[in-house]
Amino acid sequence: MTTLKLVTQPNKILRTVSIDIARETFSEYKKLGEEMVEAMLKYEGIGLAAPQIGRNINMFTINKDVTLGEDHLILCNPKIVFLSKGTNVMEEGCLSCPKIYGDVSRSEKIRVKAFSLDGVLHTFKAKGLLAKVFQHEIDHLNGTLILDKFE
Ligand code: CO
């Protein structure tokens, strides 16, 4: 069982811009990545970013229920390389903002490059809910919360 605790707002950690993980140290973060997945599942999130467990590092997880992949994604050092001009609005919540929900406008389509902790750089093309989750989690790494984006 994970011992990670969720950070909820207001908290300075959630408002701090996180930093990249040095590539030669990726392997040291594997256990934390797995614990983040456990925490994401325990708290029934579809994604989780490292600041939400108290670490200002550029790492996040996405639930396989959203990716429809075989495994949950554990990614670090993401770079958004494309955001569509077309946007749409969806009601969002956040584990760090308990019981608060609101409409957030985001790009419909996104392309993101990010590393898995084995050092492989992946490119993700996403639309729909997955595009929202990528944008939501990367916002966390930049110190941005849904509260800032409510319509
Ligand atoms: Co969130």
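So, how was this worked out
- Residues numbered from 1 in each chain as written.
- Predicted model: local features only at pLDDT ≥ 70, side-chain atom pairs only at ≥ 80, totals over all residues.
- Heavy atoms only, no water.
- Pairing = 2+ DSSP bridges.
- Helix = DSSP H or I, 4+ residues; strand = E, 2+ residues; numbered from the N terminus.
- Axes fitted to C-alpha atoms, helices over the stretch in contact; angles between N-to-C directions.
- Contact = heavy atoms within 4.5 Å.
- Donors = N, O, S within 2.8 Å, 3.2 Å for Na, K, Ca; no water.
- Buried < 20%, exposed > 50% of the residue type's maximum accessible area, 1.4 Å probe, protein only.
- Patch = residues over 30% accessible without salt bridge, like charges linked within 9 Å, V, L, I, M, F, W, Y side chains within 5 Å.
- Areas by Shrake-Rupley, 256 points an atom, 1.4 Å probe, with all protein chains shown as cover.
- Salt bridge = Lys/Arg side-chain N within 4 Å of Asp/Glu carboxyl O.
- Lys, Arg positive; Asp, Glu negative; His and termini not counted.
- Charge placed at Lys NZ, Arg CZ, Asp CG, Glu CD.
- Expected span 1.5 Å × (residues − 1).

> Give me the sheet that holds strand β6 (residues 109-115): which residues, what numbers.
One open sheet holds the five strands; their spatial order is β1-β2-β3-β6-β7, and the pairing between them is antiparallel. Each end of this open sheet is capped by a strand with a single partner; those strands are β1 (47-49) and β7 (121-127). Adjacent strand axes in the sheet meet at a mean angle of 40° when their direction is disregarded. One ladder, built from seven bridges, connects β6 with β7; its direction is antiparallel. Across the sheet, the residue bridging to Ile 110 is Ala 126, located in β7. Running at roughly 45° to strand β2 (residues 59-62), helix α1 (residues 30-42) makes contact with β1, β2 and β3 (73-83) of the sheet.

> Please give an account of the coordination of the cobalt ion that cites residues and values.
Taken together, Cys 94 (SG), His 136 (NE2) and His 140 (NE2) make up the protein donors of the cobalt ion, found 2.1 to 2.2 Å from the metal. Spacing between the donor residues of the cobalt ion along their common chain follows C-x41-H-x3-H. With Cys 94 in the loop between β4 (87-92) and β5 (102-107) and His 140 in helix α3 (residues 128-141), the pair connects residues that are 46 residues apart, well separated along the chain. For Cys 94, a relative accessible area of 10% translates into the label buried.

> Residue-level account of a positive patch on the surface, with values.
A cluster of basic residues, Lys 109, Arg 111, Lys 113, Lys 125 and Lys 127, forms a positive patch at the surface. When residues of the positive patch are traced back to their parent elements, those giving at least two are β6 and β7. Broken down by element, the residue count for the positive patch peaks at three residues, all from β6. Looking at the secondary structure, you find Arg 111 in strand β6.

> Report on α3, specifying residues and quantitative values.
Relative to the 20 Å expected for 14 residues at 1.5 Å per residue, α3 spans 21 Å between its end C-alpha atoms, a close match to the ideal helical length. The buried fraction of α3 amounts to 12 of the 14 residues, a majority that puts the element mostly inside the structure. What α3 keeps buried is the set Leu 130, Ala 131, Lys 132, Val 133, Phe 134, Gln 135, His 136, Glu 137, Ile 138, Asp 139, His 140 and Leu 141. One or two residues past the end of α3 sits Gly 143, with phi positive at roughly 80°.

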